Structures are given as structure tokens and as C-alpha cells.
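Listed here are the chains, written in short residue letters.
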Amino acid sequence: MKTIVALAGDGIGPEIMASGLEILKTISAIDQLEFTIEDKVFGGAAIDETGQALPADTLAACEKADAILLGAIGGPKWQTGSETPEKGLLALRKSLNLFANIRPITILDELVKFSPIKEEIVKGTDFVVVRELTGGIYFGEPRRLSPEEALDTNVYTRKEIERIIRQAFELAKTRRKKVTSVDKANVLATSKLWRSIAEEIATEYPEVTFENQLVDSVAMKIIQMPTAFDVIVTENLFGDILSDESSVLAGSIGVLPSASHSDNGPSLYEPIHGSAPDIAGENLANPLSMIYSITMMLKQSFGYFDSAEKIEQACDQVIAAGIYTPDLGGKYGTKEFTQEVINTLQSTEEK
Ligand code: NAD
Ligand code: IPM
Ligand code: MN
């Protein structure tokens, strides 16, 4: 029996979480998997209920879980207060030491036509952004904000850089064996250290092709030649920006999942997008980001590769049949799309 903590969060979070958990229930029945789902409040919903975005009880449940699923947090309602949903998310990542955020950018052939980029450029795109998640300018001290002056601090230690670069090389070994380390070493001290450590570690992996690139030009190349990349490893802020940029290749950010790992504790799986307040509560959200976050969980936390593949194949089939949510130009609601995936999973199993 595996315990999964489900943090639905805000905006479209509860809608896509409900969808993902229904898929998990369906595959559990088909493959006789046993999961206990513990729902916990988090983000804006938790601020409303307890005054805190990450209540102690939620954190304690996450620490004990076998894996954590997160929908999304945030929204205009909570942006002005001193406690914000985003602070809760950062505190959760830091408390669980989730330093390695894996964001796969795989463009399914069926989705190529939704990309704003020409087919011949985008077809075959399959890379992973390995984003450092617990350091850098998101967490550096001091920080302050006054009407006259504001300060953020970007700090990286050797240890933080080494462990994320190693994760990238280990991942590349299982893929097309190429690592692109992204920095701003022509300007930033943190990037100069980053680059020198990346070069050191690269020598331990002679079988992996290694390159350094500057973040500004990588932002361009991701659009110009996305198939040139295999594993991109970069610091927290650059990874945040480049992964949202990369999502455009897929036609919608609503199809992209992520996994965040520590050295030994539970991993967290969440879409790369946010709470999409503009479409929340309207049954318009694409649940694929959550469904793929769940297939990442099945593979990476539990080793249930066959079950994950069944779900992925069912999604492929549904997409190939022209069934999409509105972000991809389709007419299906979140619930209707989810039901199609469930029907496909069940009917494949009956055959
Ligand atoms: P967003 O990612 O929520 O939305 C950007 C655009 O993408 C919107 O037009 C939205 O409708 C669309 N979109 C996102 N997910 C979609 C889906 N599954 N299906 C269809 N369309 C989808 O970014 P934002 O609007 O800048 O941020 C909204 C809030 O979310 C902010 O409070 C932000 O801090 C928060 N946020 C949270 C997370 C997280 O929980 N991990 C991540 C990013 C942003
Ligand atoms: C993400 C989000 C978060 C981040 C915000 C909501 C704190 O944009 O998960 O990509 O910047 O890490
Ligand atoms: Mn982001």
C-alpha cells in the first residue's frame, strides 16, 4: 500500500487533480495497485482555512508520504497579503529538499499541429529541463523590499551545483547522451562558478557530449532548433523561464508535467503551469499535465512502468482521435476529456 498526499491547491488545481485521481483509480483497478490518497489543504485554499499556505499538518503528511501530487497554487485573491500561496510552494520544496526538478518537453507527433512553430522545426522535439529548485535567487538572503529600493540575492554553493549537474548527467546517460549547461557566465559570479563545476563534472562522463550555453542565446535556440537539445541543466530562475518558454513548442502549457526529487525523501509531481485563474472553475483546463505528472510518479517513485505506459497510450489514442480540450482548439471539457481517457483504458483492457 502506497500513500500519496494530494494537494489540489487553487484555481484549476482541484479540477485537474480530480481528473488525475480518477485516472489513477482506473489504472489501480485494472492493474490491482493499492494507493491511499490523503487530501491536504495547500496554497491559497490553506490560507483561507488556516492563515498559512503550508500548514504544519500538510507538511507532516507530505514528509511521511510515498509520493506527493500537487495541482497548482496561487491567484489574484492572495497576491497582496503577507502570506502568499507561492511562499508555501517554495517552503514545501525547501522543506522536502526537492532540489532536482525534471521538466520533460516531449512533443507528441499528434500535437505538432498545435505548435505555433513550423512542423519541420518542432517535430521530434524531446528534451528535458533539469531545473535546480531549492537554491539561487528564489531563496538567497538578504532580501528586502521598500518603496525606494529592493534587493534579491543569488547564491549558489559548490554542493548545490554539483548535485544538480550530476543529476543531469545521470539522466543524459539514459537518453541521447547530451548535456547543455545553461548560465550567464559572461556576467554573473554564480554562473562562473556554475560553469566551472559543470566542466569539472563533465570529465567524469566521457560518454556524454557536453556544452555550455548562455541563457539568452539558449532562449532563442529553443525556438529555432528545439531538436538540438537532450538535457538542459540550469539554475532555478533560468529553469523557470525556459520551461514555460519551451511549453509553447507543445502548443499548450496544459500538457506538461514535472517531477521534483530530493536525495532520499518523497518526490513531488506537479504540472509546470500555474492555477490558470482565467479559466478556473469552468471545466476548461487540460488535465494532461496532471495525468502525465501521475505517469511520472508511477514510473519514478513506484517503478510501475507498464501501468504508466497504459495511461500514456490511452492519452495518445484519445488525442489521435481528435479529442482535445479548448487550449488545443478542442471542444471537450476537463471532465469529458478525462472520461474519454478512462473509457479508452477500460476498453483496451477488455480486449
Ligand atoms: P498559469 O500557468 O497559471 O497560466 C498561464 C496561461 O496558461 C493561462 O492563459 C492559462 O489559462 C493557461 N493554462 C495553464 N494551465 C492550463 C491548463 N492545464 N489547461 C489549459 N490552459 C492552461 O500562469 P499565470 O497565470 O502566470 O499564474 C497564475 C497563478 O499560478 C499565479 O499565482 C502564479 O504564481 C501561480 N503559479 C503556480 C504554479 C504552481 O502551482 N506550481 C506554477 C506557475 C504559476
Ligand atoms: C513554477 C512556478 C513557481 C516557481 C512559482 C509559483 C513560485 O512558476 O513552479 O514554475 O517560480 O517556481
Ligand atoms: Mn514557473
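Residues numbered from 1 in each chain as written. Chains lettered and ligands numbered in written order. Predicted model: local features only at pLDDT ≥ 70, side-chain atom pairs only at ≥ 80, totals over all residues. Heavy atoms only, no water.

Novice: When you look at unusual backbone geometry in this model, what are you seeing that I'm missing?
Specialist: In terms of backbone geometry, most residues other than glycine have negative phi values and most peptide bonds are trans. Between Glu141 and Pro142 the backbone carries a cis peptide bond, its omega angle lying at 0 degrees. Mapped onto the elements of the fold, Pro142 is located in strand E6 (residues 140-145). Even without being glycine, Ala276 reaches a positive phi, approximately 40 degrees. When you line up the elements, Ala276 lands in the loop between strand E12 (267-271) and helix H10 (288-300). (Helix = DSSP H or I, 4+ residues; strand = E, 2+ residues; numbered from the N terminus.)

Novice: I would appreciate a short explanation of the nonpolar core in the present structure.
Specialist: Note on soluble globular proteins: their nonpolar side chains tend to be buried together. Judged by nonpolar contacts, the single largest core of 82 residues is most densely connected at Leu24, Leu69, Ile165, Met297 and Leu298. Counting the residues that make up this core, at least three belong to each of domain 1 (1-98 + 262-351) and domain 2 (104-255). Residue contacts for Leu24: discarding those within four places in its chain leaves Ile4, Phe35, Ile37, Ile294, Met297 and Leu298. Counting 16 residues, the second-largest nonpolar core is a separate cluster that includes Leu59, Ala61, Ala65 and Ile73. (Core = buried A, V, L, I, M, F, W, Y, C linked by side-chain atoms within 4.5 Å. Buried < 20%, exposed > 50% of the residue type's maximum accessible area, 1.4 Å probe, protein only. Domains from an automatic or database assignment. Contact = heavy atoms within 4.5 Å.)

Novice: Looking at this structure, I do not really get helix H3 (residues 56-64). What am I missing?
Specialist: The α-helix winds at 3.6 residues per turn, so residues separated by three or four positions along the chain end up facing the same way. Among the residues of H3, those classed as buried are Thr58, Leu59, Ala61 and Cys62. Buried residues of H3, viewed axially, fall in a sector of 160 degrees; they line one side. Exposed residues pointing more than 90 degrees away from the buried face of H3 are listed as Ala56 and Lys64. In this structure, the buried residues of H3 make contact with strand E1 (2-9), strand E2 (35-39), strand E3 (67-72) and helix H4 (85-95). (Arc of directions from axis to C-beta.)

Novice: I keep staring at the site of ligand 2 and nothing clicks. Help me out?
Specialist: The environment of ligand 2 is formed by Glu86, Leu89, Arg93, Arg103, Arg131, Tyr138, Asp240 and Ile272. At a separation of 3.0 Å, an oxygen atom of ligand 2 approaches a polar side-chain atom of Arg103. Considered on its own, ligand 2 offers 320 Å² of accessible surface; in the complex 78% of this is hidden by protein. The element that contributes the greatest number of residues to the shell around ligand 2 is H4, accounting for 3 residues. When grouped by side-chain class, the residues that make up the shell around ligand 2 number 3 nonpolar, no polar and 5 charged. Residues lining the shell around ligand 2 come from more than one domain, with at least three contributed by each of domain 1 (1-98 + 262-351) and domain 2 (104-255). (Near = heavy atom within 4 Å. Polar contact = N/O pair within 3.5 Å; in protein donor to acceptor, adjacent residues only side chain to side chain. Areas by Shrake-Rupley, 256 points an atom, 1.4 Å probe, with all protein chains shown as cover. Nonpolar A, V, L, I, M, F, W, Y, C, P; charged D, E, K, R; others polar.)

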